[in-house]
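Architecture at a glance
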Amino acid sequence: MRSVKSSVKGWKAAAARLAVVIAIVVQTLGLRAVWAQEPPRPRLDEEMAKQEKIYRSRDSDVPGGYITDRGLSDYLELLPTGFCDALGTLGSSDRWLDIGAGAAQAILDYYAPENEAAPGKTCAGAGGKARAVAMSIEDRRTDAWRQRVASLGDGRIRYLSGKRLRQYSPEELGKFQIITDVFGGFSYTEDLSEFMAKVLSLLETGGVFHTLVQSVQLENGKDRPTTWYLTKLVDAAGRDVKVCSWLKQTTCVKVACESKSDWNAPTELINIRKVCSDVSVPRMKLLNFEAGNPPGRRFQLEPQRGGVEFKAPVRDERKKSLESVEAKD
Ligand SMILES: C[S@@+](CC[C@H](N)C(=O)[O-])C[C@H]1O[C@@H](n2cnc3c(N)ncnc32)[C@H](O)[C@@H]1O
């Protein structure tokens, strides 16, 4: 009797061990299946081509909603509280980069002469105005820009176009005290981790990145359950991750998020201060991209293997850009 009992016991233990092994194998295969969901190349190429068409669009071809002429007052409404004060702390040898500047109207307003500026709206401080660099994939410079460049001289304002942020070398751009992005690369890039790593590499320690992102899961959790998210992040197992939670995993930064749940689309206003130089952004990969203004994007966080950190490589001309020529002014 005792030997029958012990053989049943042994069989049960073996079955339990087998179940554990099966569970591990199934889980691993399951994860691999989630992990293997990369966007099919031809479809991605098609969406990228559509996106290029939006960038190239001119006059009546510009799709409704692709706004390229927001002024400084719009930036003050759309960026996190404190942006105007931050600009005011800069001196004449400091530098401001506006990524995805479009027609660079915000920089033009900042540099408006006293008699033309809306009262109190240039955000300039007592130390003078910072040098400003506008960056756009497509060249949207206006006559007003050209005239202001001529009147200011001395390269105080520059316009860079023909490339994406990631395609510039550190030497070409230098370092900045303030970087802004209003519906620019942060909302449009297909490689958000590389974009963030590049932005942070261009910031001086103590410098701040001011941006926003629309139609995302809000940090305060108050977005409507019916929201269709334009930018969606998931972890390795496919569970939702908020943009701010992902950003807060970056080393050497202080991230502050202002959730706007009462705006038409749930929007996160984001302020990222670089506090030391050893920045590492958790890597994500693209799962899906749908062209638009802004595009729909789905990213997946890669498992953090043994604390391996992602540092953005400086890559040249990795992907096609509109023109190969850089326009400078
Ligand atoms: C919708 S417009 C916004 C223009 C401006 N910020 C405004 O609010 O009027 C998008 C801008 O982002 C730029 N852009 C998108 N992705 C970019 C990237 N990876 N690097 C540089 N510029 C980018 C586009 O070329 C364009 O100038």
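One can find the structure itself at the top, above this paragraph.
Notes on the structure follow. (Residues numbered from 1 in each chain as written. Predicted model: local features only at pLDDT ≥ 70, side-chain atom pairs only at ≥ 80, totals over all residues.)

As for the environment of D181
To be explicit about the condition: Counting from the N terminus, the helices are the DSSP runs of H or I reaching at least four residues and the strands are the DSSP runs of E reaching at least two. To sort residues by exposure, count the other C-beta atoms lying within 10 Å of each residue's C-beta; 20 or more gives buried, 12 or fewer gives exposed, and values between give partly exposed, all with C-beta atoms placed from the backbone. Residues are treated as contacting if the C-beta atoms built from their backbones sit within 7 Å of each other.
Locating D181 in the fold gives a position in strand β4 (residues 176–181). Assessed through the 26 C-beta atoms surrounding it within 10 Å, D181 is described here as buried. Sequence separation between D181 and A101 is 80 residues; the distance between their C-alpha atoms is 7.5 Å. Discounting residues that sit within four places of it in the chain, D181 has contacts with I99, G100, F186 and T211.

Topic: the site of the ligand
Selection criterion: As used in this record, a residue near a molecule or strand is one whose C-beta atom, placed from the backbone, is within 6 Å of it. In this classification, Asp, Glu, Lys and Arg are treated as charged, Ala, Val, Leu, Ile, Met, Phe, Trp, Tyr, Cys and Pro as nonpolar, and every other residue, Gly included, as polar.
Near the ligand you find 22 residues, and of these G100, G102, S136, I137 and G185 are the closest. Looking at the shell around the ligand, the elements that each hand over two or more residues are β2 (131–136) and α8 (185–188). A class-by-class count of the residues in the shell around the ligand yields eleven nonpolar, seven polar and four charged.

As for unusual backbone geometry
Cis geometry is found at the peptide bond from N293 to P294, where omega equals -5°. Counting through the fold element by element, P294 comes out in the loop between β10 (284–290) and β11 (296–301). The phi dihedral of D59 is positive, around 50°, even though this residue is not glycine. Position of D59 relative to the elements: it lies in the loop between α2 (41–56) and α3 (72–78). The exposed category is assigned to D59, around which 5 C-beta atoms lie within 10 Å. Despite not being glycine, C252 has its phi angle at roughly 65°, a positive value. Within the fold, C252 resides in the loop between α10 (243–247) and β8 (253–260).

Points about the sheet that holds strand β1 (residues 95–99)
The pairing of strands in a sheet comes from backbone hydrogen bonds and takes either a parallel or an antiparallel form. What counts here: Criterion used throughout: strands pair if DSSP finds at least two bridges between them. Between N-to-C directions, angles span 0 to 180 degrees; the directions come from axes that are lines fitted to C-alpha atoms, helices contributing only their stretch in contact.
Read from one edge to the other, the open sheet built from seven strands follows the order β3-β2-β1-β4-β5-β9-β8, with strand pairing classed as mixed. The open sheet terminates on both sides in strands that have one partner only, identified here as β3 (157–161) and β8. When strand polarity is set aside, the average angle formed by the axes of neighbouring strands in this sheet is 15°. As defined by bridge partners, β2 adjoins β3 across five bridges and the pair is classed as parallel. Within β3, the residue paired with A134 across the bridge is Y159. Strands β1, β4, β5 (203–214), β8 and β9 (267–274) of the sheet are contacted by helix α9 (residues 192–202), whose axis makes an angle of about 145° with β5.

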